[in-house]
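Geometric and topological summary
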Amino acid sequence: MGEKNWAGNHEYRGRIARPTSVEELRELVTGATSVRALGSRHSFNDLADTDGLLVSTAGLPAGIRIDPDARTVTVGGGVRYGDLARELQAAGWALHNLASLPHISVAGAIATATHGSGDRNGNLSTAVAGLRILTGSGELVDIARGDAGFEGAAVSLGALGVVTEVVLDIRPTFDARQRLFGGVPWDVVIERFDEVTSVAYSVSLFTTWDEESVSLAWLKELDGAATTIADDFFGAPALTEARHMIAAMDVRNTTEQLGVVGPWSERLAHFRFEFTPSNGEEIQSEYLVPRARAVEAIQAVRALAPVIAPLLQISEIRTVAADDLWLSSAYGTDAVGLHFTWFRDQAGVEAVLPALEAALLPLGARPHWGKLYLDVDGVVPSLYPRLDDFRALAASFDPAGRFRNPFLTRLLA
Ligand SMILES: Cc1cc2nc3c(=O)[nH]c(=O)nc-3n(C[C@H](O)[C@H](O)[C@H](O)COP(=O)(O)OP(=O)(O)OC[C@H]3O[C@@H](n4cnc5c(N)ncnc54)[C@H](O)[C@@H]3O)c2cc1C
């Protein structure tokens with residue numbers, strides 16, 4: 001049996017090689033006719049797969065180098081955010097945001113426009129200032145913000161080559177705290193959505209859609225920032241005991257809550273880096289809705305609650321600032337992520353996705369590239385106005401199509 005992704009819902013078809021140097025990686029890539037980079041395997045679909053060669057980036061050099069004058073850090077593509085965050089924090093620096101899980105590789109995350117939350121926080125790809133890409137011909141190509149095609153390369157889906165190094169913007173370290181509130185009334189979420197999501201650096205709403213009120217609001221606030229929220233969040237009381245977003249799960253896996261101030265590296269992700277889930281009992285989907293349609297989308301999903309809820313562990317509603325990256329799910333629009341953590345029931349989830357997508361995709365919702373989606377009507381390409389430019393960029397980086405796989409053929413053909 002072949003190796004699987006983190007969730008165990010996809011078995012890789014290709015042979016996995018584990019190079020430990022860029023030279024070794026170059027030999028592997030140039031010797032293959034079909035090759036894909038494999039990060040930390042946290043995607044839930046066949047995006048990373050090929051029936052040829054998969055090159056794991058986990059053993060490539062970490063090479064973390066901070067440039068205080070440029071306010072950037074250069075990091076090997078296979079490095080996990082949790083490792084990078086520790087090094088940055090130790091040196092007095094920070095990233096602007098993190099995803100919920102810090103175990104995900106930097107190059108794998110930016111390749112799919114992975115994001116955290118926050119009205120004014122772009123996704124993790126927006127922190128990319130430069131990339132070094134090993135192309136199919138074995139050449140190392142540097143591309144930096146301001147260069148032609150950079151906006152296409154920052155969210156690449158692995159189509160251009162293997163990203164061996166990423167240059168990320170950094171800022172001086174900061175402290176933050178997390179507070180949780182239980183039971184936000186739905187009419188507040190619907191009628192005062194902009195107020196609700198803008199009261200903190202990052203706001204996430206957790207729900208199963210079939211409940212009387214949104215069960216949890218999870219705030220990440222910068223230490224010292226003024227706040228209008230005391231012990232009441234739009235009618236929801238502050239929780240006085242820490243909890244997991246899935247009530248039945250062990251709270252020790254989550255980063256410290258209850259307003260305890262700590263470094264960004266231990267507050268911006270929902271989950272602790274010390275907690276290492278080797279595999280998941282879940283499948284995820286997420287749809288990034290243009291912010292102007294978010295309330296409609298939320299109402300549409302609520303109407304589907306009876307079919308969704310039996311398969312759902314939890315949903316998270318979160319926000320992402322607009323950017324100009326061609327394949328970003330927030331390209332040209334502030335976006336609201338409607339995230340679904342399903343039980344690991346592939347057939348069951350695939351049975352409800354058509355109804356969910358029929359409600360969301362017509363609103364312009366873009367599925368998260370790394371999560372499970374179906375797009376039965378093939379509308380996703382039409383949601384990306386710069387897709388032709390990306391096609392041309394991919395063809396220029398990879399004229400032989402070494403990095404093409406069925407996922408990319410569906411999207412780019
Ligand atoms: C528990 C869990 C929590 C998650 N939380 C979030 C979240 O909070 N927010 C969010 O947006 N997403 C989240 N995700 C989704 C995840 O961030 C994305 O699927 C991400 O792309 C996974 O990165 P990876 O390193 O595992 O990449 P993989 O799954 O291994 O690969 C994903 C893509 O990246 C490409 N790639 C990987 N490395 C390179 C490289 N060096 N060069 C070129 N291409 C490369 C692959 O070819 C493939 O196309 C979560 C997933 C899990 C399992």
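Computed from a predicted model, the values in this text were never measured in an experiment. (Residues numbered from 1 in each chain as written. Predicted model: local features only at pLDDT ≥ 70, side-chain atom pairs only at ≥ 80, totals over all residues. Heavy atoms only, no water.)

Some remarks on the overall build of the protein chain
Put simply, the test is: Note on conventions: DSSP H or I runs of at least 4 residues are helices, E runs of at least 2 residues are strands, and numbering of each starts at the N terminus. We take the radius of gyration over the C-alpha atoms and set the globule estimate at 2.2 Å times the residue count to the 0.38 power. In what follows, a contact means two residues having at least one pair of non-hydrogen atoms within 4.5 Å. As used throughout, the charge tally considers Lys and Arg to be positive and Asp and Glu to be negative, leaving His and the chain termini uncounted. Where a charge lies is defined by one atom per residue type: Lys uses NZ, Arg uses CZ, Asp uses CG and Glu uses CD.
Secondary structure assignment for the protein chain yields 11 helices and 20 strands. Its C-alpha radius of gyration of 20 Å places the protein chain within 12% of the 22 Å reference for a compact globule of 413 residues. Projected onto its principal axes, the C-alpha positions of the protein chain cover 60 × 50 × 40 Å. Excluding contacts between residues fewer than 6 apart, the proportion of contacts in the protein chain whose partners are at least 24 apart in sequence is 72%. If the 35 positive side-chain charges of the protein chain are averaged to one point and the 52 negative ones to another, these points end up 3 Å apart.

So, the site of the ligand
Applied cut-off: Working definition: residue near molecule or strand if any one of its non-hydrogen atoms lies within 4 Å of it. Definition of a polar contact: a pair of N or O atoms within 3.5 Å, with one able to donate and the other able to accept a hydrogen when the atoms are protein atoms, and with sequence-neighbouring residues admitted only if both atoms are side-chain atoms. Surface exposure here means Shrake-Rupley accessible area, sampled with a 1.4 Å probe, where a residue is shielded only by the protein chains that are shown.
Taken together, 36 residues lie near the ligand, and A37, H42, S105, T112 and H115 sit nearest. Between the ligand and G39, the relevant distance is 2.8 Å, taken from an oxygen atom to a main-chain nitrogen or oxygen of the residue. Take S40: an N or O atom from its side chain is 2.9 Å from an oxygen atom of the ligand. Surface burial for the ligand is 99%, taken as the share of its 970 Å² of free accessible area covered by protein chains. Within the residue set of the shell around the ligand, elements represented by two or more residues are β2 (35-38), α3 (106-111), β9 (162-169) and β17 (282-290). Ranked by residue count, the leading element in the shell around the ligand is α3, at four residues.

Topic: empty space enclosed by the protein
We apply this condition: In the cavity and pocket records, a cavity denotes points on a 1 Å grid over the protein atoms alone where a 1.4 Å probe fits but cannot get out, a pocket denotes an open set with protein on both sides within 12 Å along at least 5 of 7 lines, and lining residues are residues with an atom within 4 Å of a point. Grid points are joined across faces, edges and corners, and a volume is the space filled by probe spheres set on the points. Polar here means any residue outside two lists: the nonpolar Ala, Val, Leu, Ile, Met, Phe, Trp, Tyr, Cys and Pro, and the charged Asp, Glu, Lys and Arg; Gly therefore counts as polar. What fixes the domain bounds is an automatic or database domain assignment.
This model, assessed by the stated rule, comprises two cavities of 30 Å³ or more. Of the pockets and cavities examined, the largest cavity occupies roughly 60 Å³. Lining the largest cavity we find 13 residues, and of these G116, S117, K220, L268 and H270 sit closest to its centre. The set of elements that each furnish at least two residues to the lining of the largest cavity consists of β12 (202-207) and β18 (312-320). Its residues placed into classes, the lining of the largest cavity shows three nonpolar, seven polar and three charged. Taken domain by domain, the makeup of the lining of the largest cavity includes at least three residues from each of domain 2 (65-173) and domain 3 (175-367). Broken down by class, the residue content of the lining of the second largest cavity amounts to five nonpolar, two polar and no charged.

A short note on helix α7 (residues 294-303)
Keep this limit in mind: Throughout this description, buried means an accessible area under 20% of the type-specific maximum (1.4 Å probe, protein chains only), exposed means over 50%, and partly exposed covers the range between. Here, the arc refers to the directions that run from the helix axis to the C-beta atoms.
Listed in full, the buried residues belonging to α7 are A294, A297, I298 and V301. Taken down its axis, α7 places every buried residue within 100 degrees of arc, on the same side.

Notes on unusual backbone geometry
In the Ramachandran plot, R41 falls in the positive-phi region, its phi being about 70 degrees despite a non-glycine side chain. For R41, the location among the structural elements is in the loop between β2 and β3 (53-56). The phi dihedral of L258 is positive, around 55 degrees, even though this residue is not glycine. Mapping L258 onto the fold places it in the loop between β15 (236-237) and β16 (262-263).

Description of the packing of aromatic side chains
Geometrically, a pair of aromatic rings is defined through the distance of the ring centres and the angle of the planes. Formally: Note on aromatic contacts: the rings of Phe and Tyr and the six-membered ring of Trp form a pair at centre separations within 6.5 Å, being stacked when their planes are under 30 degrees apart, edge-to-face when over 60 apart, and tilted otherwise.
Under the criterion given, the structure shown has 13 aromatic pairs. Ring centres 6.5 Å apart and planes at 40 degrees place the aromatic pair F174 and W264 in the tilted group. Within this pair, whereas F174 is found in the loop between β10 (171-172) and β11 (175-185), its partner W264 is found in the loop between β16 and β17, the two being separated by 90 residues in sequence. Taken together, the ring pairs connect W186, W209, Y287, F340 and W342 into an aromatic cluster.

Considerations on the UniProt feature "domain: FAD-binding PCMH-type" (unreviewed entry) in the protein chain
The line we're drawing: UniProt positions are given in the numbering used here, feature names are shortened, and annotations may be inferred rather than shown by experiment.
Per the UniProt entry, the sites bearing "domain: FAD-binding PCMH-type" (unreviewed entry) are residues 9-173 in this numbering. The distance separating the terminal C-alpha atoms of residues 9-173 is 37 Å; by composition the span is 18% helix and 26% strand.

Notes on the nonpolar core
Worth spelling out the cut-off: We call a set of buried Ala, Val, Leu, Ile, Met, Phe, Trp, Tyr and Cys residues a nonpolar core when their side-chain atoms join them within 4.5 Å.
Among the nonpolar cores identified, the biggest contains 117 residues, and W209, F233, L338, W342 and W369 are the most heavily contacted of them. Grouped together as the second largest cluster of nonpolar side chains are 12 residues, V29, L53, V55 and L60 included.

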